[in-house]
Each structure stands twice: as C-alpha cells, then as structure tokens.
Amino acid sequence: MAETNNNNKEKLEIVKDHTAMIHLLMLLSATLICYYNSLDCGFVFDDVSAIKENKDLRLGTPLPNLFSNDFWGTPMHKEQSHKSYRPLCVLTFRWNYAVGELDPWGYHLVNVLLHALVCILYYRVCLMFLSRTAGFVAALLFTVHPIHTEAVTGIVGRAELLSSIFFLSAFLSYAKCTRRHKETDWRYLISTVILVAVAMLCKEQGITVVAVCIVYEVFCVQKV
C-alpha cells in the first residue's frame, strides 16, 4: 500500500513538472510573439545618449569608470550629471558593444530575453499565492500587458528589466529564508541582501523590494 502511494506521488510530481515546463514555454512564446518586431528597431530617444554617445561602452574606456559615472557616462561629481547610478546596466550595454558594437539588433534581443526571464520569475512568485493554473494566467497577463512596451522595446528600459529580475529574485530568496519559523536560514538571508544591492545597481528603485519583504514577513509569515 505504501509503495502504491509513493508511486502515485512520483507520478503527480512528474505531471506537475511537465505542466510547469509547458507553462514556461508558453510564457517564452508569448514574449517572443509580442516583441519579435522590436528586433528591427533602431536607437530612439534616450538610447542615443545612453548608448551611441556614451563613451563608457567603448572598450578603450577603463572599466572602473562605469562605477564613477552616471547612466549617461557623465562623472557623478559634476553638476550636469543626471545622478542616475546604474553601473551594472551600463556594463551589459558594454558587453553588447563588445559583441556587435552599435548594431541595435543585439541590444533589443537581450531586452526581449530579459523580459522573458522577468515573466518566469513573476510566475514563480505567483505560485507562492495562487494555484498553478491561476498563477500561470496571472503570469501570462503580466507577460503580454502593454505597460511593459517601453521597458522592453526601448533599450534604456533594460535598467527596469534587470532591476526587476533581481527584485523578484531577492523576494523569492527571502521567502525561502522564512520557510522555517523557528530559525533563520542565513544563506538565503545573505543572498537576499546581495540581490537587493544588485537590483539597486541596475536601477535605484530596486531598494523597494525591502518594503515588499517586510510586508510579506508581517502579514504572510508572522500573520499579524
């Protein structure tokens, strides 16, 4: 009897894994269908200042300059600096430049793939609170929602995409940290702190995940 129950559990896990894989492939497909036409776009608006005119992308520029200049390549200490400190996002632009220089196709491709990763992480967050079907529907609506158009099709929107990836990763890490009510899993807590810092270095708003973790702790973990 026990062996039968174990076999049933194994089959159920296989079905769940298969369903999850189908959901992930559907989210990826939805992302590509919505944004494949952005691959043929060029540099527009802020893309020109942040990429075409930004010397920090050039391989001849010392790498440490990324951490002393703002998003547009202006030294942070200068009065005309925008004060947008996003060195890790600029670093990914530099990698793009190293591969294809100023060919916008590669920049747009990376943005589309990053959006797909954001949607997959959002799906994982949804599964914390919803059933598998409801979580997938929520993630699918998130994937195709037009509010993301500017962040995905505008190359400078990569700051939002990268920050979102580490924002959601930090929250998932914190959720794992709190699984045991009587003791703290310090590995996940430390990784949460690191992910929050990385999210901030992609875009300043990454710090807001701390507030989300506090709300989760108070209302979901402690159930105040």
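In this report, the structure presented in the accompanying data block is examined. (Residues numbered from 1 in each chain as written. Predicted model: local features only at pLDDT ≥ 70, side-chain atom pairs only at ≥ 80, totals over all residues. Heavy atoms only, no water.)

A few words now on the overall build of the chain. Looking only at helices and strands, the chain has nine helices and zero strands in total. When the helices and strands of the chain are listed from N to C terminus, the series reads α-α-α-α-α-α-α-α-α. Burial statistics for the chain: of 224 residues in total, 40% are counted as buried. As displayed, the chain offers around 13000 Å² of accessible surface, 65% of which is attributable to carbon and sulfur atoms. Here the chain contributes 20 positive and 19 negative side-chain charges, whose respective centroids are spaced 7 Å apart. (Helix = DSSP H or I, 4+ residues; strand = E, 2+ residues; numbered from the N terminus. Buried < 20%, exposed > 50% of the residue type's maximum accessible area, 1.4 Å probe, protein only. Areas by Shrake-Rupley, 256 points an atom, 1.4 Å probe, with all protein chains shown as cover. Lys, Arg positive; Asp, Glu negative; His and termini not counted. Charge placed at Lys NZ, Arg CZ, Asp CG, Glu CD.)

On to helix H3 (residues 87-100), then. Between the first and last C-alpha of H3 there are 20 Å, a value that for 14 residues agrees with the 20 Å anticipated at 1.5 Å per step. By the burial criterion, the buried members of H3 are Pro-87, Cys-89, Val-90, Leu-91, Thr-92, Phe-93, Arg-94, Asn-96 and Tyr-97. On its buried side, H3 packs onto helix H2 (46-52), helix H4 (104-126), helix H7 (158-177) and helix H8 (186-202). Where H3 terminates, the next one or two residues include Glu-101, which has phi positive at roughly 50 degrees. (Expected span 1.5 Å × (residues − 1). Contact = heavy atoms within 4.5 Å.)

Considering the arrangement of structural elements, one finds Asn-96 in helix H3. Within polar-contact distance, the side chain of Asn-96 engages the side chain of Arg-158 at 2.8 Å. Sequence-distant contacts of Asn-96, that is, excluding residues within four places in its chain, are made with Glu-101, Gly-106, Tyr-107, Val-110 and Arg-158. (Polar contact = N/O pair within 3.5 Å; in protein donor to acceptor, adjacent residues only side chain to side chain.)

Attention now goes to the pattern of salt bridges. Applying the stated criterion across every chain, the model contains three salt bridges. A salt bridge links Glu-204 to Arg-86, with the nearest nitrogen and oxygen atoms 3.1 Å apart. Note that Glu-204 is positioned in the loop between H8 and helix H9 (209-221) and Arg-86 in the loop between H2 and H3, a separation of 118 residues in sequence. On the basis of relative accessible area, Glu-204 is assigned to the partly exposed category, the value being 28%. Arg-86 gets classed as buried once you look at its relative accessible area, which sits at 13%. One salt bridge in this structure joins Glu-160 and Lys-203, with 2.3 Å as the shortest N-O distance. On the criterion of sequence distance, the pair formed by Glu-160 in helix H7 and Lys-203 in the loop between H8 and H9 is long-range, its members being 43 residues apart. Lys-203 gets classed as buried once you look at its relative accessible area, which sits at 11%. (Salt bridge = Lys/Arg side-chain N within 4 Å of Asp/Glu carboxyl O.)

In this section: unusual backbone geometry. Across residues other than glycine, the phi torsion is negative in most instances, and most of the peptide bonds are trans. With a phi close to 50 degrees, Phe-45 is a non-glycine residue in the positive phi region. Taking the relative accessible area as the measure of exposure, Phe-45 reaches 74% and is therefore exposed. Despite not being glycine, Lys-83 shows a phi value in the positive range, around 65 degrees. Residue position: Lys-83 is located in the loop between H2 and H3.

Residue placement: Asp-46 occurs in helix H2. The exposure class of Asp-46 is partly exposed, given its relative accessible area of 42%. Taking C-alpha positions, Asp-46 is 9.1 Å from Trp-72, a pair spaced 26 residues apart along the chain. Among residues more than four places away in sequence, those in contact with Asp-46 are Trp-72 and Val-156.

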